[in-house]
Amino acid sequence: METSTEGATRPDISPAGPGEAVDTVVVAGPPAAPPVSLSPSRASDFMQCPLLYRFRVIDRLPEKPSEAATRGTLVHAVLERLFDAPAGDRTVPRAKSLIPSQWDRLRESRPEVAELFADDPEGERLARWLTEAEALVERWFTLEDPSRLEPAERELFVEAELDSGLRLRGIIDRVDVAPTGEVRIVDYKTGKAPRPEYAEGALFQMKFYALVVWRLKKVVPRRLQLVYLGSGDVLTYDPVLADLERVERKLLALWEAIRRATETGDWRPRPTKLCGWCDHQAHCPEFGGTPPPYPLPLRAPESGGGEQGRMGPD
């Protein structure tokens, strides 16, 4: 999960497919300004649909909280807080007991999530939702043994500036460091694991983090690990330096495309199946909508520019 620090405030992401959490809720923010950094979520947004990136980063349009996204945020909080307990006390009952208090904290910090169950006066839907969160937490214990883990970092904010001046930033769910110094980056997903043909796209976020860690610490992480609580799968990848150099080149090209779009106001929609989960259909030309007036200064577009938003995840 990622909390983007660009534009508006959100806990990963891009629109989710069925059963996958979108890690955050976008809320209205300060006046529009050109983007100054790139996170995995926003990079994925632009690759998916440049217009979606504009709506989230430039216009900062609000997005309604969803049950899936909020459940993902709740589960992440529980797994983070569980490591406050001694190793022997990191049990399923203790983890489940954290859910009510973390739900209370989430409602206090993000009052908008209370809207999710405003039409549930008897609390039946909320009870089912909390039970689903419990099931995800319990499944984690079948994938990892927290009594044998001592994370070096949890919910770690990382930021690095490349030689080009591009700033990369994000929040890593967990960092494990072996006694030998080897680093493992772990990310929890509350949805299901992707099909094998989409595995590379799923690893984009992790390679992004690995690049930032390499730039900060001059250490290539030994392992990248995605833990899918929705399906009970663990996806791992052992990166090499060439992987990170390739990701850096891709991000530089992506950032140049974002810079051009920011200056020209040319943000093109890219229709996909994910459009069905997008909150911005009323503003999207693909659905007969009209984007809000562009809030930044414009310059004339360069001739011969290529099509935006067709860059792959790796």
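Remember, predicted model here, so these are calculated numbers, not experimental data.

### Some thoughts on unusual backbone geometry
Moving on, step 1. The backbone of Glu155 sits at a positive phi, close to 50°, despite the residue not being glycine.
Moving on, step 2. Inspection of the secondary structure puts Glu155 in strand S2 (residues 153-161).
Moving on, step 3. A positive phi angle, close to 60°, is found at Lys218, a residue other than glycine.
Moving on, step 4. Turning to its location among the elements, Lys218 is positioned in the loop between helix H6 (199-217) and strand S5 (223-228).

### Section: the pattern of salt bridges
Moving on, step 1. Summed over the entire model, instances satisfying the criterion amount to 31 salt bridges.
Moving on, step 2. Ionic pairing is found between Asp176 and Arg174, a salt bridge with its closest N-O pair at 2.8 Å. Neither Asp176 nor Arg174 differs from the other in exposure class; each is buried.
Moving on, step 3. Of the charged contacts, one joins Asp238 and Arg222 as a salt bridge, the two residues approaching to 2.9 Å between their closest N and O atoms. Linking Asp238 in the loop between strand S6 (233-237) and helix H7 (241-264) with Arg222 in the loop between H6 and S5, this pair joins segments that are 16 residues apart in sequence.
Moving on, step 4. Given the relative accessible area of 41%, Arg222 is considered partly exposed.
Moving on, step 5. Among the charged side chains, a salt-bridge network with shared partners connects Glu256, Arg259, Arg260, Glu263 and Arg299.

### A few points about the nonpolar core
Moving on, step 1. Within the largest apolar cluster, 47 residues are counted, with the highest numbers of intra-cluster contacts made by Leu38, Leu168, Ile185, Leu251, Leu254, Ile258 and Trp267.
Moving on, step 2. Mapped onto this core, the elements with two or more residues apiece are helix H1 (40-48), helix H2 (50-58), S2, strand S3 (167-177), strand S4 (183-189), H6, S5 and H7.
Moving on, step 3. With 11 residues, the single largest contributor to this core is H6.

### Quick notes on H1
Moving on, step 1. Among the nine residues in H1, eight count as buried, and that is most of the element.
Moving on, step 2. Turning to H1, its buried residues are Pro40, Ser41, Arg42, Ala43, Asp45, Phe46, Met47 and Gln48.
Moving on, step 3. Buried residues belonging to H1 abut strand S1 (37-38), H2, S3, H6 and H7.

### Comments concerning the pairing of S6
Moving on, step 1. Looking at chain direction, S5 and S6 are connected through five bridges and run antiparallel. Counted as the bridge partner of Gln225 is Thr236 from S6.
Moving on, step 2. Connecting S5 to the next strand, S6, in antiparallel fashion are four residues, including Gly232 with a positive phi near 75°.

### Observations regarding empty space enclosed by the protein
Moving on, step 1. Considering only enclosed or pocket space, the largest cavity measures out at about 130 Å³ in volume.
Moving on, step 2. Per element, the largest residue contribution to the lining of the largest cavity is three residues, and it comes from H2.
Moving on, step 3. For the lining of the largest cavity, the per-class residue count stands at 10 nonpolar, four polar and no charged.

### Examining the side chain of Thr262
Moving on, step 1. Among the structural elements, Thr262 can be located in helix H7.
Moving on, step 2. Accessibility expressed as a relative area gives 7% for Thr262, which makes it buried.
Moving on, step 3. A distance of 2.7 Å separates a polar side-chain atom of Thr262 from the backbone oxygen of Ile258.
Moving on, step 4. Residue contacts for Thr262: discarding those within four places in its chain leaves Pro34, Pro35, Trp267, Tyr294, Leu296 and Pro297.

### Some words on the packing of helix H3 (residues 67-82) against helix H5 (residues 124-143)
Moving on, step 1. Running from N to C, H3 and H5 cross one another at 45°; their axes reach a closest spacing of 10 Å. By the criterion of interaxial angle, the relationship of H3 to H5 is oblique. By crossing handedness, the relation of H3 to H5 is classed as right-handed. Residues Glu67, Thr70, Arg71, Leu74, Val75, Val78, Leu79 and Leu82 of H3 pack against Arg125, Trp129, Leu130, Glu132, Ala133, Leu136, Val137, Trp140 and Phe141 of H5.

Conventions used here
- Going along each chain's sequence as written, the residues are numbered from 1 onward.
- Only residues with pLDDT of at least 70 get local features here, since the model is predicted, and only at 80 or more are side-chain atom pairs given and counted; chain-wide, interface and lining totals rely on the full set of residues.
- As a convention, hydrogens and water are excluded, and side-chain values are obtained from all of the structure's heavy atoms.
- Numbering of helices and strands starts at the N terminus; helices are DSSP runs of H or I of at least 4 residues and strands are runs of E of at least 2.
- Salt bridge, as applied in this entry: a Lys or Arg side-chain nitrogen positioned within 4 Å of an Asp or Glu carboxyl oxygen.
- Partly exposed residues are those whose accessible area sits between 20% and 50% of the maximum for their type, while under 20% is buried and over 50% is exposed, using a 1.4 Å probe and protein chains only.
- Here, the term nonpolar core denotes a set of buried Ala, Val, Leu, Ile, Met, Phe, Trp, Tyr and Cys residues that are joined through side-chain atoms within 4.5 Å.
- Any two residues whose heavy atoms approach within 4.5 Å are treated as being in contact.
- Each pair of strands is called paired provided DSSP finds at least two bridges between the two strands.
- Throughout, the protein atoms alone are placed on a 1 Å grid, and a set of points is a cavity if a 1.4 Å probe fits but cannot get out or a pocket if it is open with protein on both sides within 12 Å along at least five of seven lines; lining residues have an atom within 4 Å of a point.
- Grid points are joined across faces, edges and corners, and a volume is the space filled by probe spheres set on the points.
- Gly counts as polar in this scheme, as do all residues outside two lists: the nonpolar Ala, Val, Leu, Ile, Met, Phe, Trp, Tyr, Cys and Pro, and the charged Asp, Glu, Lys and Arg.
- Here a polar contact is taken to be a pair of N or O atoms separated by no more than 3.5 Å, where protein atoms must pair a possible hydrogen donor with a possible acceptor and residues adjacent in sequence count only if both atoms sit in side chains.
- To define axes, lines are fitted to C-alpha atoms, for helices over the stretch in contact only, and angles between the resulting N-to-C directions are given on a 0 to 180 degree scale.
- Comment on the angle field: the value is read as roughly parallel under 35 degrees, roughly antiparallel over 145, roughly perpendicular from 65 to 115, and oblique elsewhere.
- Two helices cross in a left-handed way if the nearer one is turned anticlockwise from the farther one by less than a right angle. They cross in a right-handed way if the turn is clockwise.

Note that every value here comes from positions in space, so none of it alone points to a role or purpose.
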